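The lines below spell out each chain.
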Amino acid sequence: MKKLIVLVVLFVVVKLEAQELFVATEPASNMPTGSIGVRLSNAIYKRELNSGSNYFLMSELMWGVNKDLMVHTSFFTSNRTDAFQFEGASIYAKYRFFSIDDVHSHFRVAGFGRYSINNAEIAQEQIETMRHNSGYELGLVATQLLGKVAISSSVSFEKAFNNGNRHNFPVMQSDNATNYTLSFGKLMYPKKYTNFKETNINLMLEFVGQTLNGNGKSYLDAVPSLQFIINSQARIDLSYKRQLLSSMDRLSPNGFSLNVEYTFFNVTN
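Quick one: what's the story with the overall build of the chain, residue by residue and with numbers?
Each helix and strand in the chain was counted, giving 1 helix and 12 strands. Along the chain, from the amino end to the carboxyl end, the secondary structure elements read α-β-β-β-β-β-β-β-β-β-β-β-β. On C-alpha atoms alone, the chain measures out to a radius of gyration of 18 Å, which is about the 18 Å that the 2.2 N^0.38 rule sets for 269 residues. Seen through its principal axes, the chain has C-alpha atoms that stretch 55 × 50 × 35 Å. Residues classed as buried in the chain amount to 47% of the 269 residues present. Total accessible area on the chain stands at roughly 13600 Å², and carbon and sulfur atoms take up 64% of it. Side-chain charges of the chain comprise 25 positive and 22 negative groups, with the mean position of each set lying 4 Å from the other.

In structure tokens, the structure reads:
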């Protein structure tokens, strides 16, 4: 039944007339050259093993180095230990090496990498260098824009290390994984542009999954979201992450997030 739902979604979305500023994933496209972006990501996820919720706050500083290269620096904080505290940081880079551009469409492919350090206790089998684990991630992402619809997919290898504060990676768990994503976005408003200052409203549906290479355990999440682009500079994302299936232990697979982002153009040109 779940496979049928995914196939129906694929059939419907590719027939629609999107923006590629995805919420749960990064597309192959980059920020404008010389721009600086700041982002605050707030997430509240229901705890899986006990009552209550975990609150995660991630702050990011982003730089469009040139048309092909962009760099992110992220800082992680949460209340997982019932005390709000700083847990770690990461650096992320993405390089676009292939592009076919047309008037109302383009196809782009990029390679990306992330390196993270984290001091939090390792409390799940899922490997997540974006928030929970020290380690690195290397992957490829391809994005197709067709009019008002964007489709993007990625695959990556992720490796976890020991966390700081003597939080060693459990020897009985797989310390590396394969990640895969599939994302769809559609520009819902305006139907026709009159100027670039119009507020854009985008609807997204993303699928995010992982398979642990050591034991074959996996999960698959669906992330529907609503996005507002204001004056071509400010961005607000509202999303809900829902676990569709899982055979691994996860800290908090279901919950809501609110992201706020602002881009300053031509800062380093």
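Please give an account of the sheet that holds strand 7 (residues 149-160) that cites residues and values.
Strand order in the closed barrel formed by 12 strands is 1-2-3-4-5-6-7-8-9-10-11-12, with antiparallel pairing between adjacent strands. With direction set aside, neighbouring strand axes in the sheet form an average angle of 20 degrees.

Which residues make up the packing of aromatic side chains, and what values go with them?
Inspection of the entire model under this criterion finds 9 aromatic pairs. A centroid spacing of 4.7 Å and a plane angle of 40 degrees characterise the contact between Tyr-240 and Phe-256, whose relative ring orientation is tilted. With Tyr-240 in strand 11 (residues 234-246) and Phe-256 in strand 12 (residues 254-264), this residue pair connects regions lying 16 residues apart in the sequence. For Phe-256, a relative accessible area of 55% corresponds to the exposed category. Connected via pairs of aromatic rings, a cluster forms that spans Tyr-115, Tyr-136, Phe-157 and Phe-161. Looking at Lys-241, its charged tip hangs above the ring of Tyr-45, at a distance of 4.3 Å from the centre. Sitting over the ring of Tyr-219, Arg-250 keeps its end group 3.7 Å from the ring centre.

Describe in detail the pairing of strand 2 (residues 53-64), supporting the description with residues and values.
Burial of the side chains of strand 2 is restricted to one face: Asn-54, Phe-56, Met-58, Glu-60, Met-62 and Gly-64 are buried, whereas none of Ser-53, Tyr-55, Leu-57, Ser-59, Leu-61 and Trp-63 on the reverse face is. Here strand 1 (residues 36-46) pairs with strand 2 via 11 bridges, running antiparallel. By the bridge assignment, Ala-43 is partnered in strand 2 with Phe-56. Here strand 1 hands over to strand 2 after 6 residues, with Gly-52 in that stretch at a positive phi of 100 degrees. For strand 2 and strand 3 (residues 69-78), the ladder comprises 9 bridges, and the chain directions are antiparallel. Along strand 3, the bridge assignment pairs Ser-59 with Phe-75. Between strand 2 and strand 3, which pair antiparallel one after the other, the connecting turn spans 4 residues.

Which residues make up the side chain of Thr-129, and what values go with them?
Residue placement: Thr-129 occurs in the loop between strand 5 (105-118) and strand 6 (135-146). Ignoring any residue separated from it by four or fewer positions in sequence, one finds Thr-129 in contact with Phe-76, Arg-114, Ser-116, Ser-134, Gly-135, Tyr-136, Glu-137, Glu-158 and Lys-159.

Tell me about the confidence of the model for the chain, residues and numbers included.
Do not read the fine detail of predicted coordinates wherever pLDDT is low. Looking at the chain, the pLDDT average stands at 91 and 93% of residues meet or exceed 70. Between residues 1-18, whose pLDDT stays under 50, and residues either more than four places distant or in other chains, the model counts 23 contacts.

Account for the pattern of salt bridges, with residues named and values stated.
Evaluated as defined, the whole model comprises 13 salt bridges. As a salt-bridge pair, Arg-39 and Glu-261 come within 2.8 Å of each other at their nearest N and O atoms. With Arg-39 in strand 1 and Glu-261 in strand 12, this pair connects stretches of sequence that are 222 residues apart. Assigned by exposure class, Arg-39 and Glu-261 land together as buried. Put simply, Asp-221 and Arg-250 hold a salt bridge, and the shortest N to O gap is 2.7 Å. Of the two residues, Asp-221 is situated in strand 10 (residues 218-230) and Arg-250 in the loop between strand 11 and strand 12; the sequence distance between them amounts to 29 residues. As far as the burial class goes, Asp-221 and Arg-250 line up, both buried. Here the salt bridges do not stand alone but share partners, grouping Arg-39, Glu-60, Arg-235, Asp-237 and Glu-261 into one network.

Thresholds applied
- Residue numbering note: each chain is counted from 1, following its sequence as written.
- Local features in this predicted model are restricted to residues whose pLDDT is 70 or higher, and side-chain atom pairs enter the listing and the counts only when it is 80 or higher, whereas totals over whole chains, interfaces and linings include all residues.
- Heavy atoms throughout the structure, all of them, feed into the side-chain values; hydrogens and water do not.
- Think of it this way: any DSSP run of H or I at least four residues long counts as a helix, any run of E at least two long counts as a strand, and we number them from the N terminus.
- Two things to know: the radius of gyration comes from C-alpha atoms, and the globule rule equals 2.2 Å times the number of residues to the power 0.38.
- Accessibility here uses a 1.4 Å probe with only protein chains present; expressed as a share of the type maximum, an area under 20% marks a residue as buried, one over 50% as exposed, and anything in between as partly exposed.
- Here the Shrake-Rupley method, with its probe set to 1.4 Å, supplies the accessible areas, and only the displayed protein chains count as covering residues.
- By the counting rule applied here, Lys and Arg register as positive and Asp and Glu as negative, while His and the ends of each chain are not counted.
- All charge positions are set by atom: Lys at NZ, Arg at CZ, Asp at CG, Glu at CD.
- Whether two strands pair depends on DSSP finding at least two bridges between them.
- An axis is simply a line fitted to the C-alpha atoms; with a helix, the fit covers only the stretch in contact. Between two such axes, the angle follows the N-to-C directions and lies from 0 to 180 degrees.
- Two rings belonging to Phe, Tyr or Trp (six-membered ring only in the last case) form a pair when the distance between their centres is within 6.5 Å. Interplanar angles under 30 degrees mark stacking, angles over 60 mark edge-to-face geometry, and anything in between is tilted.
- Put simply, a charge is over a ring when the Lys NZ or the Arg CZ is close to the ring centre, within 6 Å, and near the line of the ring normal, within 35 degrees.
- Contacts are assigned to residue pairs that have any heavy atoms within 4.5 Å of one another.
- As a per-residue quantity, pLDDT reports the predictor's confidence and falls between 0 and 100.
- Salt bridges are identified by distance alone: a Lys or Arg side-chain nitrogen within 4 Å of an Asp or Glu carboxyl oxygen.

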